[in-house]
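Reading the structure
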Amino acid sequence: MRQFLVVFAALLIFPQRIIASVVINEFLPAPSSGNSEWVEFYNPDTSSEDLSNYYFDDDTNFDSDSGSSGKIALSGLLSSNGLCYLDLSTYLNNNGDTPTIFKLDGSQIDSYQYASSSADKSYARVPDGGSWQGNKTPSKSSSKCS
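Residues numbered from 1 in each chain as written. Predicted model: local features only at pLDDT ≥ 70, side-chain atom pairs only at ≥ 80, totals over all residues. Heavy atoms only, no water.

Turning to the sheet that holds strand β8 (residues 100-103), a few remarks are in order. In space, the 4 strands of this open sheet follow the order β5-β4-β8-β9, with antiparallel pairing throughout. Whereas interior strands pair on both sides, the edge strands pair on one side only; in this sheet they are β5 (72-73) and β9 (108-111). With 4 bridges connecting them, strand β4 (residues 54-57) and β8 associate as antiparallel partners. Each residue of the ladder has a partner; that of F56, found in β8, is I101. (Pairing = 2+ DSSP bridges. Helix = DSSP H or I, 4+ residues; strand = E, 2+ residues; numbered from the N terminus.)

Next comes the structure, spelled out in structure tokens:
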């Protein structure tokens, strides 16, 4: 019992660092003609994040891509508090979808469900990494995820 109390006290005094994960920061599901859909990612952590540890999908079912687009393996390194975007072509549905990030093991990290979209209006976290807002003027990062 004494060992348990010592370990418990140590955890209270020296809490372990909680590791933040990459989040979806903004996406444009209904671009005007000639433009493409895109999704932007944000790294709220104080260290760089290897994007090859993540998949992006348009639904919350990691194991099945039946009736939806397949998962997209991400790649590249996203710096601390950094942003990058991924062009999607016609990946997201204008009448609703659920952009989602998964870890390689299939665990869901972040998602946002929307029911409709307006031409050239994005869904975005304001400020970066903050609360979701719809009907925003797009502010896509200048850095492409690679």
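Time to look at the packing of aromatic side chains. Applying the stated criterion across every chain yields a total of 11 aromatic pairs. Between F27 and Y114 the ring centres are 5.3 Å apart and the planes differ by 40°, which places this aromatic pair in the tilted class. Here F27, found in strand β1 (residues 23-28), pairs with Y114, found in the loop between β9 and β10 (122-126); they are 87 residues apart in sequence, far enough to count as distant. The same class applies to F27 and to Y114, which are both buried. Put simply, the rings of F27, Y112, Y114, Y123 and W132 touch in pairs and so form one group of aromatic residues. Lying across the ring of F62, K71 places its NZ or CZ 4.7 Å from the centre. Positioned over the ring face of Y85 is K140, at 4.3 Å from the centre of the ring. (Phe/Tyr/Trp six-rings, centres within 6.5 Å; stacked < 30°, edge-to-face > 60°. Buried < 20%, exposed > 50% of the residue type's maximum accessible area, 1.4 Å probe, protein only. Lys NZ or Arg CZ within 6 Å of the ring centre and 35° of its normal.)

To continue, consider the side chain of D59. Take D59: it is sitting in the loop between β4 and β5. Buried charged residue D59 carries no salt bridge. Nearest counter-charge: K71, at 7.1 Å. Within the structure, the side chain of D59 is placed 3.0 Å from the backbone nitrogen of N61, a separation counted as a polar contact. (Lys, Arg positive; Asp, Glu negative; His and termini not counted. Salt bridge = Lys/Arg side-chain N within 4 Å of Asp/Glu carboxyl O. Polar contact = N/O pair within 3.5 Å; in protein donor to acceptor, adjacent residues only side chain to side chain.)

Attention now moves to the sheet that holds β10. Within a sheet, adjacent strands bond to each other through the backbone by hydrogen bonds, running parallel or antiparallel. Spatially, β7-β2-β1-β10-β11 is the arrangement adopted by the 5 strands of the open sheet, whose pairing is antiparallel. Each of the sheet's edge strands pairs with one partner strand only, and the pair in question is β7 (83-89) and β11 (131-136). Strand-to-strand twist across the sheet, computed as the mean angle between neighbouring axes with direction ignored, equals 30°. Examined bridge by bridge, strand β2 (residues 37-42) and β7 share 6 bridges and lie antiparallel to one another. Bridging across to β7, Y42 finds its partner in L83. (Axes fitted to C-alpha atoms, helices over the stretch in contact; angles between N-to-C directions.)

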